[in-house]
Amino acid sequence: MADSNDFVSVDMEKIYLGGEEHIIRTGRGPVSVIVYGDQEKPALLTYPDLALNHVSCFQGLFFCPEAASLMLHNFCIYHISPPGHELGAAAICPEDPVPSVDDLADQIIEVLNFFGLGAVMCMGVTAGAYILTLFATKYRERVLGLILVSPLCKAPSWTEWLLNKVLSNLLYFYGMCGLAKECLLQRYFSKEVRGSAGVPESDIVQACRRLLEERQSINVLRFLQAINRRPDITEGLKRLRCRTLIFVGDSSPFHSEALHMTSKLDRRFSALVEVQACGSMVTEEQPHAMLIPMEFFFMGYGLYRPCYISDSPRSPLSPSCISPELLSPESMGLKLKPIKTRVSLDV
């Protein structure tokens, strides 16, 4: 538990879908953490993208039986939500100061201290991946490894900055309106699942659209403002001590960001997996594409699935689809190289 002098306290707890929710008051504002599993196990932290929470960002991955058996067997999961993004969150007072990305990263260290956690594994998507990477650069000794999905590390480009300003104005003046939801869905998903005039939206896009309707627009706006003011942390990547596994869909608007980030990481301890015909949110759109790379990544830490499950026919990946370079056990227990791994949808 946290030291009595820390600005951390539990405001309330409740049971949600088998997980226990803690609203933790930190020196930088309250944060929701939902805990799943045995707290005696190593910790895996998740942090979602803009306007999402653990249900809308990681449900697809954790509902994949093979991935769930791998992660829940080895880890206790701590789902951190950006301020005001948790399920049932009330609107944050407009007078409250907007937290910076540094504030959000510093919240995480207070969460770790509250739960008495040492070094942790981290998994984040896009904006969440940026926050966790920033956290890793600031508190290197507290991060065992990073699993980053369509990550950011540079300051916003002029194009991204302008798109974010348009979305900010929509949220401010019209709330979570139809156009705002379309902007967010284009951020998350490939056009293949978003549908078209003659093709309906996929179930995952429809489910995400419904979940976005529950978000408080002012809360989303505050996180967006923080992300749109983020600094470039490329230089800090060179000082990372942890292993890093990066996933990105080749249809993601942040594809070039992921390639840039991979090029700046230590090649001995990082790998890039590109997923064909997929948007930014690989965790929802093609979660099976993450299974085998994660399994071999965890082997470098001596972590395994409890028993072998035969390749799922739903999975677009099989061991033969992964380059042997990615699977060769070397300096990491498993050395992951920054290679391009294409996933065939025809498998």
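Here, every reference points to the structure presented above.
Bear in mind that the values here come from a model prediction, so they are computed numbers and not experimental data.

**Some thoughts on the overall build of the chain**
For the chain, the helix and strand inventory stands at 14 helices and nine strands. Burial status across the chain gives 58% buried among its 347 residues. Counting only carbon and sulfur atoms, one obtains 54% of the accessible surface of the chain, whose full area is about 14,500 Å².

**So, helix 2 (residues 65–74)**
Across the 10 residues that make up helix 2, a large majority, seven, are buried. Residues of helix 2 that are buried: E66, A67, A68, S69, L70, M71 and N74. In this structure, the buried side of helix 2 is in contact with strand 4 (43–47), helix 1 (54–62), strand 5 (76–80), strand 6 (120–125) and helix 13 (291–299).

**A short note on the side chain of S252**
Within the secondary structure layout, S252 lies in the loop between strand 8 (243–249) and helix 11 (255–264). By relative accessible area, S252 is classed as buried at 7%. Here F254 takes part through its backbone nitrogen, which lies 2.9 Å from a polar atom of the side chain of S252. Ignoring sequence-local partners within four residues, the contact set of S252 consists of S150, C278, G279 and S280.

**Description of the nonpolar core**
M71, Y188, M294 and F298 are the most contacted members of the largest nonpolar core, which totals 103 residues. Among the elements that take part in this core, helix 3 (residues 101–115) stands out by supplying nine residues, more than any other.

**Some details on the packing of aromatic side chains**
Tallying each qualifying case throughout the model produces 10 aromatic pairs. Here Y78 and F115 contribute two aromatic rings whose centre-to-centre distance is 5.1 Å and whose plane-to-plane angle is 65°, an arrangement assigned as edge-to-face. Taken together, the residues span a long stretch of sequence, with Y78 in strand 5 and F115 in helix 3 at a distance of 37 residues. On the accessibility criterion, Y78 (1% relative accessible area) is buried. Aromatic side chains F297 and F298 sit 6.0 Å apart centroid to centroid with 50° between the ring planes, which places their arrangement in the tilted category. Overall, F298 belongs to the buried group, its relative accessible area being 0%. Each member of the aromatic cluster is reached from another via a ring pair, and the members are F75, F297, F298 and Y301. In this arrangement the basic side chain of R230 is found over the ring face of Y130, its NZ or CZ atom lying 5.9 Å from the centre. The residue whose ring lies beneath R243 is Y301, and the NZ or CZ to ring-centre distance is 4.6 Å.

**Looking at the packing of helix 6 (residues 178–188) against helix 8 (residues 203–212)**
For any two helices packed against each other, one specifies the inter-axial angle together with the distance between the axes. Contact pair helix 6 / helix 8: the axes reach a minimum separation of 11 Å and the direction vectors enclose 135°. Comparing their axes, helix 8 and helix 6 come out oblique. Crossing geometry of helix 6 relative to helix 8 is assigned as right-handed. From helix 6, K181, E182, L184, L185 and Y188 reach across to helix 8, where they touch V205, C208, R209 and L212. Grouping the amino acids of the contact of helix 6 with helix 8 by side-chain chemistry returns six nonpolar, no polar and three charged.

**Things to note about the pairing of strand 4**
Of all five residues that make up strand 4, five are buried, and the element is covered over most of its length. Residues A43, L45 and Y47 of strand 4 are buried on one face, and the alternating residues L44 and T46, pointing to the opposite face, are buried as well. In terms of strand pairing, strand 4 meets strand 5 through four bridges, oriented parallel. By the bridge assignment for strand 5, L44 is matched with I77.

Rules of the game
Residues numbered from 1 in each chain as written. Predicted model: local features only at pLDDT ≥ 70, side-chain atom pairs only at ≥ 80, totals over all residues. Heavy atoms only, no water. Helix = DSSP H or I, 4+ residues; strand = E, 2+ residues; numbered from the N terminus. Buried < 20%, exposed > 50% of the residue type's maximum accessible area, 1.4 Å probe, protein only. Areas by Shrake-Rupley, 256 points an atom, 1.4 Å probe, with all protein chains shown as cover. Contact = heavy atoms within 4.5 Å. Polar contact = N/O pair within 3.5 Å; in protein donor to acceptor, adjacent residues only side chain to side chain. Core = buried A, V, L, I, M, F, W, Y, C linked by side-chain atoms within 4.5 Å. Phe/Tyr/Trp six-rings, centres within 6.5 Å; stacked < 30°, edge-to-face > 60°. Lys NZ or Arg CZ within 6 Å of the ring centre and 35° of its normal. Axes fitted to C-alpha atoms, helices over the stretch in contact; angles between N-to-C directions. Parallel < 35°, antiparallel > 145°, perpendicular 65-115°, else oblique. Left-handed = near helix turned anticlockwise from the far one by under 90°. Nonpolar A, V, L, I, M, F, W, Y, C, P; charged D, E, K, R; others polar. Pairing = 2+ DSSP bridges.

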